[in-house]
Amino acid sequence: MKAAFITETGPADTLQIGELPDPAPGPGQVVIRVYASAINPIDTYIRNGTIAMELPQPFVPGCDAAGVVESVGPGVKRLSIGDRVWCTNQGLLGRQGTLSELIAVDEHWTFKLPEPVPYEDAAACALVGVTAHLGLFREAQLEPGETILIIGGSGGVGSMVVQMAAATGARVITTAGSEAKAQVCRDLGAEEVILYKDESIADRTKAFAPDGVNVLWETRREPDFDMAIDLMAGRGRMVLMAGRDAKPAFPVGPFYVKECSLHGFVMFKATPMEMKNAAEDISQWLASGKLSANISARFSLDEAAQAHALQESATLEDSSQLAGKIIVKLNT
């Protein structure tokens, strides 16, 4: 099979394209013929060594994929050859990733894909969709009628949070860096979009939600806790899923007096059952049109290094080139 892989960590151009042995399904595994994979910031952190993990040699990066079951191993119960599926949580903790034509994946990380949903859409919504679902419903327990402020609503995770919150019946406020990105957020279901380069996030949020927001979702690497706690209503919940090295000041007094709570989490530590619960909603919402993929760029497998470089630029340099997910197409 053809794959993108590394033999040592380093910059994007350490990714090689070549032939690797076809995988065979082990017990409880399926082999998937991949038609679409997605690039995530964590893929670049593992590839460049920022996040140190024990990696198989050679190592294929990538968390997300969608395709068709090619073969099944002993003990597989839910899936059959020919099923359309999507998966996530690959390329982590010693598992091989998804930038290859064939991948062997544990059945409990693999989910059926309804017929109308394109493979690219499923791959684009995989890690970011599960992240959004876990943060909104397992952690923040968002309820219909509540108000949520999402910092960065046009990005990979942010666009999922906007859509899921709107589908739940919440009032959605978000931020965007340009009018074009603001329109994307409105189309996804945001009621109010703040152009943060020209407008005050605090002032605009207070005008829209004078009693405070019930949930504040932070996507930036350096959160502003003073602003966040000031904007939250009593018993407000703040969700953190970025900023691995950030050490900002924290206003303890206002936080506990308001009875607020802080929820930090990482998607790849979710249990198989938590992942399955999120995946079932995601598949249903994709099929019904309540959830749509926000795809910004598409590459071939031969262009995997360029795809990684673009994601890295957007993550580390706040590149304006990207307003959604990057997809790599395979087996085309």
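- An unreviewed UniProt entry lists the chain under the name Alcohol dehydrogenase zinc-binding domain protein, with Rhodopirellula europaea 6C as the source organism.

1. Describing the overall build of the chain
Moving on, step 1. Looking only at helices and strands, the chain has ten helices and 15 strands in total.
Moving on, step 2. What you see for the chain is a C-alpha radius of gyration of 20 Å, in line with the 20 Å of a compact globule of 332 residues.
Moving on, step 3. Summarising its shape, the C-alpha atoms of the chain cover approximately 60 × 40 × 35 Å along the three principal directions.
Moving on, step 4. Within the chain, contacts between residues separated by at least 24 positions form 70% of all contacts whose residues are at least 6 apart in sequence.
Moving on, step 5. Of the accessible surface of the chain, which amounts to about 13800 Å², a share of 50% is contributed by carbon and sulfur atoms.
Moving on, step 6. If you average the places of the 28 positive and of the 41 negative side-chain charges in the chain, the two averages end up 3 Å apart.

2. What to know about the sheet that holds strand β13 (residues 261-264)
Moving on, step 1. With parallel pairing, six strands are arranged side by side in an open sheet as β10-β9-β8-β11-β12-β13. At either end of the open sheet lies a strand with only one pairing partner, and these are β10 (192-195) and β13. When the angles between neighbouring strand axes are averaged without regard to direction, this sheet yields 15 degrees.
Moving on, step 2. Of the strand pairs in this sheet, strand β8 (residues 147-151) and strand β11 (residues 213-218) are connected by four bridges, and their pairing is parallel.

3. Concerning the domain arrangement of the chain
Moving on, step 1. Along its sequence, the chain is organised into domain 1 (2-126 + 270-329) and domain 2 (140-264).
Moving on, step 2. Computed from C-alpha coordinates alone, the two centres of domain 1 and domain 2 are separated by 28 Å.
Moving on, step 3. In this assembly, 16 residues from domain 1 lie in contact with 13 residues from domain 2.
Moving on, step 4. Our enumeration of links across domain 1 and domain 2 arrives at zero salt bridges.
Moving on, step 5. Linking domain 1 with domain 2 are two residue pairs in polar contact (both at pLDDT 80 or more).
Moving on, step 6. Those elements that place two or more of their residues in the side of domain 1 that touches domain 2 are α9 (272-288) and α10 (304-317).
Moving on, step 7. Grouping the constituent residues of the side of domain 1 that touches domain 2 by class yields eight nonpolar, five polar and three charged.

4. Some remarks on the packing of helix α3 (residues 126-139) against helix α4 (residues 156-168)
Moving on, step 1. The contact between α3 and α4 brings their axes to 8 Å, and the two run at 50 degrees. By the criterion of interaxial angle, the relationship of α3 to α4 is oblique. The crossing of α3 and α4 is right-handed. Between α3 and α4, the contacting residues are Val-128, Gly-129, Thr-131, Ala-132, His-133, Leu-136 and Phe-137 on the first element and Gly-156, Val-157, Met-160, Val-161, Met-164, Ala-165 and Thr-168 on the second.
Moving on, step 2. Of the residues contributing to the contact of α3 with α4, the split by class is nine nonpolar, five polar and no charged.

5. Overview of the side chain of Glu-139
Moving on, step 1. Inspection of the secondary structure puts Glu-139 in helix α3.
Moving on, step 2. Residue classification places Glu-139 among the buried residues on the basis of a relative accessible area of 18%.
Moving on, step 3. For Glu-139, the side chain forms a polar contact with the side chain of Arg-138, separated by 2.8 Å.
Moving on, step 4. In this structure Glu-139 touches Leu-134, His-263 and Phe-265, once residues within four positions along its chain are discounted.

6. Focus on the environment of Asp-245
Moving on, step 1. Positionally, Asp-245 belongs in the loop between β12 (232-240) and α8 (252-257).
Moving on, step 2. Residue Asp-245 is classed as exposed on the basis of its relative accessible area of 66%.

7. Considerations on the pattern of salt bridges
Opposite charge on two side chains permits pairing when their charged atoms draw close.
Moving on, step 1. If you walk through the whole model with that rule in mind, you get 16 salt bridges.
Moving on, step 2. When the shortest N-O distance is used, the salt bridge between Glu-179 and Arg-186 registers 2.7 Å.
Moving on, step 3. Of the residues examined, Arg-186 reaches a relative accessible area of 34% and is grouped as partly exposed.
Moving on, step 4. Between Arg-220 and Glu-218 there is a salt bridge; the shortest N-O distance is 2.9 Å.
Moving on, step 5. Here Glu-218 falls in the buried class, since its relative accessible area comes to 2%.
Moving on, step 6. One salt-bridge network, held together by shared partners, links Arg-138, Glu-139 and Glu-274.

8. Focus on the environment of Ile-150
Moving on, step 1. The topology assignment puts Ile-150 in strand β8.
Moving on, step 2. Considered as a pair, Ile-150 and Val-239 are 89 residues apart in the sequence and their alpha carbons are 9.5 Å apart.
Moving on, step 3. Aside from chain neighbours lying at most four places away, what touches Ile-150 is Gly-158, Val-161, Val-162, Val-172, Ile-173, Thr-174, Thr-175 and Trp-217.

9. Topic: a nonpolar patch on the surface
Moving on, step 1. A contiguous nonpolar surface patch, about 340 Å² in accessible area, is contributed by Val-252, Tyr-256 and Val-257.
Moving on, step 2. Locating Val-252 in the fold gives a position in helix α8.

10. Points about the side chain of Thr-44
Moving on, step 1. With respect to the secondary-structure elements, Thr-44 resides in helix α1 (residues 41-48).
Moving on, step 2. With sequence-adjacent residues up to four places away left out, Thr-44 is seen in contact with His-308, Gln-311 and Glu-312.

About the thresholds
- Residues numbered from 1 in each chain as written.
- Predicted model: local features only at pLDDT ≥ 70, side-chain atom pairs only at ≥ 80, totals over all residues.
- Heavy atoms only, no water.
- Helix = DSSP H or I, 4+ residues; strand = E, 2+ residues; numbered from the N terminus.
- Rg over C-alpha atoms; globule rule 2.2 N^0.38 Å.
- Contact = heavy atoms within 4.5 Å.
- Areas by Shrake-Rupley, 256 points an atom, 1.4 Å probe, with all protein chains shown as cover.
- Lys, Arg positive; Asp, Glu negative; His and termini not counted.
- Charge placed at Lys NZ, Arg CZ, Asp CG, Glu CD.
- Pairing = 2+ DSSP bridges.
- Axes fitted to C-alpha atoms, helices over the stretch in contact; angles between N-to-C directions.
- Domains from an automatic or database assignment.
- Salt bridge = Lys/Arg side-chain N within 4 Å of Asp/Glu carboxyl O.
- Polar contact = N/O pair within 3.5 Å; in protein donor to acceptor, adjacent residues only side chain to side chain.
- Nonpolar A, V, L, I, M, F, W, Y, C, P; charged D, E, K, R; others polar.
- Parallel < 35°, antiparallel > 145°, perpendicular 65-115°, else oblique.
- Left-handed = near helix turned anticlockwise from the far one by under 90°.
- Buried < 20%, exposed > 50% of the residue type's maximum accessible area, 1.4 Å probe, protein only.
- Patch = residues over 30% accessible without salt bridge, like charges linked within 9 Å, V, L, I, M, F, W, Y side chains within 5 Å.

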